[in-house]
Amino acid sequence: MKIFNIFIVSIIYLVSAFAVPIKFGKRQYGDYESRHIEIIDKYTAESTVLLRKNNDFPLSANETSIYLYGNGIRKTIKGGTGSGDVYSRYFENIEEAFIKGGYEILSKDYLDEYDKIYEEAHHKFLEEINSKYDNPIMSMLENMGAKMDEPEYDIPFNQEGDVAIYVLSRISGEGTDRVVKKGDVLLTDTEVKMINALATGYKKFMLVLNTGGPVDLSGLEAVQNILILSQLGCNTSKTLVDIVSGQKYPSGKLTTTWTKYEDYSQIGDFGDKDDTYYKEGIYVGYRYFDSADIDVMFPFGFGLGYTDFEYTVQSVTLEGEEFNVVVSVENIGEFKGKEVIQLYLSKPSTTLDEPYQVLVQFGKTKELAPTESDLLNLKFKLSDFASYDTATATYILDSGAYLVRIGNSSRNTSLCGQINVESKIVVKQLQNKLGTPDFEDFTTVSMKQDSEAELATIPKFILDASSIQTIIQTYDKTYPVSDEVKALTPEQKATLVIGAFGATEGSSSIVGAAAFSVAGAAGQTAMVADLRPVIMADGPAGLRLAKDYFIDETGAHTTEGPFAALIDVLTDEFKEMISYMNPQIPEGATIYHQYATAIPIGTAIAQSWNREFAYVCGDIVGAEMKIFKVQLWLAPALNIHRSILCGRNFEYYSEDPLISGIMAAAITNGVQIHDKAFVTMKHYAANNQETNRYYSNSHVSERAMREIYLKGFEIAIRESNPKAIMTSYNLVNGVHTNESKELTNDILRNEFDFNGIVMTDWMSGFPDNQKYAIPYSNNVIKATGDIYMPGSQGDYDNILKALETNELTMEELEVSAARIYDLAKEIGY
Ligand code: BGC
């Protein structure tokens, strides 16, 4: 039971004074839920991406009998697993949604047979993964996020008919990365066989992908209609019915390249237990594919609609350093739709090696009826896309020609302007902060060339160098410590910086559920002096709280017990062994509910390329935070899709930092418009795999860190002023991110001018038994982190010990304690 104790932190429950029983039946939404689902419903089709079309869809009004196949029909997935999973009141699967939409389902026999195959395979899977462990706790911890691969089977199905839809699902989640094998990233033989048979045998056929990230679609060349439905939270199934019936239309674009697995770059490695080398440097996603001119299946920025568009550049100007394109977009097809126009910049490789192009702006039209047009105004500042020169620790705009491209995917662009920079401009003078990995980043010479003829026709500008003033960065920002904080005892100060530690005593909770004032919230701050706690609940696919809970004299308790989130991987036998830990619900106790709206996964929100939608999602979460008295949402999550194998990619937005930063900012602005509701952007930074995530060391160059992995945070902080940032578990170049004063103080607080609080990811209690040590609370505070989560006796003791030995000064502790104290004063419930 040693490991069990490792994950336990001492917590007691506080009487929840605000619990409101929420009535309504299990399948009947309450007011706020209906309202929120209805609002989201207006946008979710915008997150779906049509990869191929032959205009057989949408169906006409009389085509109401359909064959439904695939694992996603009844086991439709609304989002991934782990702390990003959200408990809604109920979730309707795709079969139910089609029936509700008035369709007759002709493939019930197949669906019933599939259920049996699935149950059998799932039972076998649980037996297998549990057989390696002799106790349930070990099994739970080691198997967190484990998921069954889609089984092979042979069930009779109708090979011919009028309309068939195959929904292919894949789930992934926290704790485990995806694997390149059939049933996960690759399609099973059964899937390939069935999908091809349906594509050729039926008059109309659509393949629908209910996945959180790419699957390898090679071998399906005969399929003419492919839709990425993605995982859209509560609205997933209805959105598909609306798209198939033509009440809605897809208008999303990929934010990550979808192609055959073998096309993805293998330059850097992925998933090593201890050390992962980001040798590809800045060549992540389309930056790599476009530069190496690899012919991908579905490029970054790509997506079709039921209609088609034509765009014409109306004007191009350069004012100071701001480049401005006005473009008109016309619907030239026969269905309504929306189009996304993207601007890319190709920088000259004068001294630094540069990728073929980087995304610098995008805009989405309003809904356009056939023949209707819209004007988009897309602008960007050149200095925002300066490159980082590690040799001089500067952001520079090197001399040479900067080419601006416009289009509707990274592979369908045309030149629209050229800016000439006559001599090198230093945009910002910094200091290198992140160490040097023992390899040189991959470099490449872009293989794509523009034709002289095209280059000759575009407008050309000379940048007025005086429009950019060099910024000399200083690193001396301070935080005022009030007399009130100074007057606290060392013990009180230490308590403030250790999660919920010391609020009271006794009881227990685990990682991801260490709040005791709001059942199922992930954590909270301690209550020192007269402070009220700040409650933190997970996301990003909505507000994650316990669905059902009860109250006794010690506080609010979930009815499911401490392991609710992890128990899915256990056999019945193992579940029984830990049932003694299930809460004793007092006889006659009222069961209260906290139903939250599951919003689309992060990738889906980004795929809408619609800032307004992201804002609306944030607004809904903010409203629910008010209802359930949560002050800090542990989202948005904006790590980069470095590899399609990362198990948590579904929570994140993109392989590109600009769209990641913009989406995170829009969501944040939506949340933070609500009084005392704030976000926690995570996971800062270079947290791109789940394998051994607590101890894994990302070896990354300073340039790749700054231009790819930190960039989204920088943009989001500038555009939305988040209240909190969560550091990641991993190390960067040998230093845990949360123990890095360079990352926290120098870059985050000084360079990015972040003014909020910095918390660790949920660390307490991990054993120090691996190649890289665990982070210690005293080191975190010394690095100007503010709060070590979720907080345990050991973490608290470390602070006091470090004070005694002068490894940590009282002044250092006071600054972090003051930030938490001031936060609790300002927003504690
Ligand atoms: C996850 C975080 C999450 C935290 C609290 C961690 O395991 O990495 O994303 O916010 O738990 O549940």
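Residues numbered from 1 in each chain as written. Predicted model: local features only at pLDDT ≥ 70, side-chain atom pairs only at ≥ 80, totals over all residues. Heavy atoms only, no water.

Here's the deal with the overall build of the protein chain
This is how it is decided: The way it works is that DSSP assigns letters per residue, a run of H or I at least four long becomes a helix, a run of E at least two long becomes a strand, and they are numbered from the N terminus. We take the radius of gyration over the C-alpha atoms and set the globule estimate at 2.2 Å times the residue count to the 0.38 power. With a 1.4 Å probe rolled over the protein chains alone, any residue whose accessible area is under 20% of its type maximum counts as buried; one over 50% counts as exposed, and the rest are partly exposed. Here, residues are in contact when the closest pair of their heavy atoms is within 4.5 Å. Charged-residue counts in this description rest on Lys and Arg as positive and Asp and Glu as negative, His and the chain ends being excluded. The atom standing in for a charge is NZ when the residue is Lys, CZ when it is Arg, CG when it is Asp and CD when it is Glu.
Per the secondary structure count, the protein chain includes 21 helices and 33 strands. Expected size for 829 residues packed as a compact globule is a radius of gyration near 28 Å; at 26 Å, the protein chain falls within 12% of this value. C-alpha atoms of the protein chain, sized along the principal axes, occupy 75 × 70 × 45 Å. Within the span of the protein chain, comprising 829 residues, buried residues form 64% of the whole. Of the contacts formed within the protein chain by residues at least 6 apart in sequence, a portion of 80% connects residues at least 24 apart. Taking the average location of the 73 positive side-chain charges in the protein chain and that of its 115 negative ones, the two points are 3 Å from each other.

Focus on the sheet that holds strand β16 (residues 400-407)
Where we set the bar: Pairing between two strands is assigned when DSSP locates at least 2 bridges connecting them. Orientation is described by axes fitted as lines to C-alpha atoms, over the contacting stretch for helices, and by angles from 0 to 180 degrees between their N-to-C directions.
The strand order β12-β11-β16-β17-β19 describes an open sheet built from five strands, whose pairing is mixed. Looking along the sheet, the strands with just one partner apiece sit at the ends: β12 (358-364) and β19 (460-462). Averaged over all pairs of adjacent strands, the angle between their axes in this sheet comes to 20°, without regard to strand direction. Where strand β17 (residues 413-421) meets β19, three bridges bridge the pair, whose relative direction is parallel. Bridge pairing in β19 places I419 opposite F461.

Some details on the site of the ligand
So the rule is basically this: Distances are taken per atom, and a residue is near a molecule or strand as soon as one of its heavy atoms is within 4 Å of it. In the analysis that follows, any N or O atom pair within 3.5 Å is treated as a polar contact, provided that within protein one partner can donate a hydrogen and the other can accept it, and provided that, for residues neighboring in sequence, both atoms belong to side chains. Residue exposure ignores everything except the shown protein chains as possible cover, and the areas themselves are Shrake-Rupley values with a 1.4 Å probe. Nonpolar residues are Ala, Val, Leu, Ile, Met, Phe, Trp, Tyr, Cys and Pro. Charged residues are Asp, Glu, Lys and Arg, and all others, Gly as well, are polar.
The ligand sits among 14 residues. The nearest are E174, D538, R648, H683 and D761. Contact between the ligand and E174: an oxygen atom at 2.7 Å from a side-chain N or O atom of the residue. In isolation the ligand has 310 Å² of accessible area, and contact with the protein removes 99% of it. Looking at side-chain class alone, the shell around the ligand contains five nonpolar, three polar and six charged residues.

What to know about the UniProt feature "domain: Fibronectin type III-like" (unreviewed entry) in the protein chain
Applicable threshold: UniProt positions are given in the numbering used here, feature names are shortened, and annotations may be inferred rather than shown by experiment.
As annotated by UniProt and renumbered to match this structure, "domain: Fibronectin type III-like" (unreviewed entry) occupies residues 339-410. For residues 339-410, the helix share is 0%, the strand share is 53%, and the end-to-end C-alpha distance is 14 Å.

A short note on helix α2 (residues 31-41)
Operational definition: In this description, the arc belongs to the directions extending from the helix axis to the C-beta atoms.
Of all the positions in α2, only Y32, E33, H36, I37, I40 and D41 are classed as buried. Within α2, the buried residues cover an arc of 170° as seen down the axis, which keeps them to one side. Seen from the open side of α2, the exposed residues pointing more than 90 degrees away from its buried face are D31 and E38. Structurally, α2 contributes buried residues whose contacts are with α7 (236-245) and α14 (611-628).

Some remarks on the confidence of the model for the protein chain
Which entries qualify depends on this criterion: Confidence scores labelled pLDDT are given residue by residue by the predictor and lie between 0 and 100.
Summing up the model confidence of the protein chain, the mean pLDDT is 93 and the portion of residues at 70 or higher is 95%. Looking at the elements of the protein chain, mean pLDDT is at its lowest for strand β1 (residues 9-10), recorded as 32, and at its highest for strand β7 (residues 226-228), recorded as 99. Here residues 1-23 scores under 50 on pLDDT; set against residues more than four positions off or in separate chains, the count is 77 contacts. In the predicted structure, residues 504-514 sits below a pLDDT of 50 and forms 42 contacts with residues beyond four places in sequence or in another chain.

So, the sheet that holds strand β29 (residues 697-699)
Reading across from one edge, β8-β29-β31-β32 is the order of the four strands in this open sheet, with mixed pairing throughout. The open sheet is flanked by β8 (275-277) and β32 (735-736), the only strands paired with a single partner.

Quick word on the domain arrangement of the protein chain
Short version of the rule: These domain boundaries are the output of an automatic or database domain assignment. Two parts placed together each lose some accessible area under a 1.4 Å probe, and the buried area is that loss summed for both. Salt bridges are defined as contacts in which a side-chain nitrogen from Lys or Arg sits within 4 Å of a carboxyl oxygen from Asp or Glu.
As far as domains go, the protein chain holds domain 1 (3-16 + 476-544 + 598-827), domain 2 (45-250) and domain 3 (306-472). Each of domain 1 and domain 2 was reduced to a C-alpha centroid, and the two centroids are 34 Å apart. With 32 residues of domain 1 at the interface, the matching set in domain 2 holds 35 residues. For the pairing of domain 1 and domain 2, the buried interface totals around 2,600 Å² over both sides, and the portion due to carbon and sulfur atoms is 56%. Considering only the surface of domain 1 that becomes buried against domain 2, R544, A598 and L645 emerge as the three largest contributors, covering 25% of it. Applying the counting rule to domain 1 against domain 2 returns two salt bridges. Notably, a salt bridge pairs R693 with E174, separated by 2.8 Å at the nearest N-O pair. Linking domain 1 with domain 2 are 18 residue pairs in polar contact (both at pLDDT 80 or more). In terms of residue count, helix α13 (residues 602-607) provides more of the side of domain 1 that touches domain 2 than any other element does, four residues in total.

Remarks on the side chain of K711
Of note, K711 is situated in helix α17 (residues 711-720). For K711, the residues in contact, after removing those within four places along its chain, are D384, P657, M705 and R706.

Here we look at a negative patch on the surface
Where we set the bar: Nonpolar side chains (Val, Leu, Ile, Met, Phe, Trp, Tyr) are joined into patches within 5 Å and like charges within 9 Å, using only residues with over 30% relative accessible area and no salt bridge.
Negative charge collects at one region of the surface, where E127, D572, E573 and E576 lie side by side. Of the residues forming the negative patch, the biggest block, three residues, is contributed by helix α12 (residues 572-577). With respect to the helices and strands, E127 occurs in helix α4 (residues 108-131).

What about the packing of α2 against α14?
Short version of the rule: These descriptions rest on fixed angle ranges, namely under 35 degrees for roughly parallel, over 145 for roughly antiparallel, 65 to 115 for roughly perpendicular, and the rest for oblique.
Orientation of α2 relative to α14, taken along the N-to-C sense of each, is 170°, at an axis distance of 10 Å. The angle between α2 and α14 falls in the class roughly antiparallel. Touching Y32, H36, I39 and I40 of α2 are F613, V616, I620, A623, E624, I627 and F628, all from α14. Its residues placed into classes, the contact of α2 with α14 shows nine nonpolar, one polar and one charged.

Brief notes about the packing of aromatic side chains
Worth spelling out the cut-off: For Phe, Tyr and Trp, where Trp contributes only its six-membered ring, two rings pair if their centres lie within 6.5 Å, and the inter-plane angle classes them as stacked under 30 degrees, edge-to-face over 60, or tilted in between. A ring is scored as having a charge over it whenever the NZ atom of a lysine or the CZ atom of an arginine sits within 6 Å of its centre and within 35 degrees of its normal.
Applying the stated rule across the entire model yields 35 aromatic pairs. Ring geometry for Y114 against Y118: centres 6.4 Å apart, planes inclined by 40°, an arrangement best described as tilted. Of the two residues, Y114 and Y118 both sit in helix α4, four residues apart, roughly one turn of that helix. With a relative accessible area of 3%, Y114 lands in the buried category. Through pairs of rings, three or more aromatic residues link up here, namely Y67, Y69, Y110, Y114, Y118, Y153, F157 and Y202. One residue, K433, lies across the ring of Y475, its end atom 4.1 Å from the ring centre.

Looking at unusual backbone geometry
Backbone torsion omega between F57 and P58 reads 10°, so that peptide bond is classified as cis. Mapped onto the elements of the fold, P58 is located in the loop between β2 (49-52) and β3 (65-69). For W609, which is not a glycine, the phi torsion comes out positive at approximately 50°. Of note, W609 is situated in the loop between α13 and α14. Despite not being glycine, N721 shows a phi value in the positive range, around 50°. With respect to the secondary-structure elements, N721 resides in the loop between α17 and β30 (724-727).

Let's talk about the pattern of salt bridges
Here the structure, examined in full by the defined rule, presents 52 salt bridges. Between K182 and D189 there is a salt bridge, and its shortest N-O distance comes to 3.0 Å. Each member of the salt-bridge network shares a partner with another, and the members are R74, E95, K108, D112 and D115.

Some points on the nonpolar core
Our working definition: The term nonpolar core refers to a set of buried residues drawn from Ala, Val, Leu, Ile, Met, Phe, Trp, Tyr and Cys, joined through side-chain atoms within 4.5 Å.
Ranked by size, the top nonpolar core spans 124 residues in total, and within it Y684 and M705 carry the most contacts. The element contributing the most residues to this core is helix α15 (residues 657-672), with nine residues. Non-local contacts of Y684, meaning those with residues more than four positions away in its chain, are made with L710, F713, I725, M726, T727, S728, T737, L743, I747, L748 and F752. Judged by nonpolar contacts, the second largest core, of 79 residues, contains Y114, I155, Y202 and V241.

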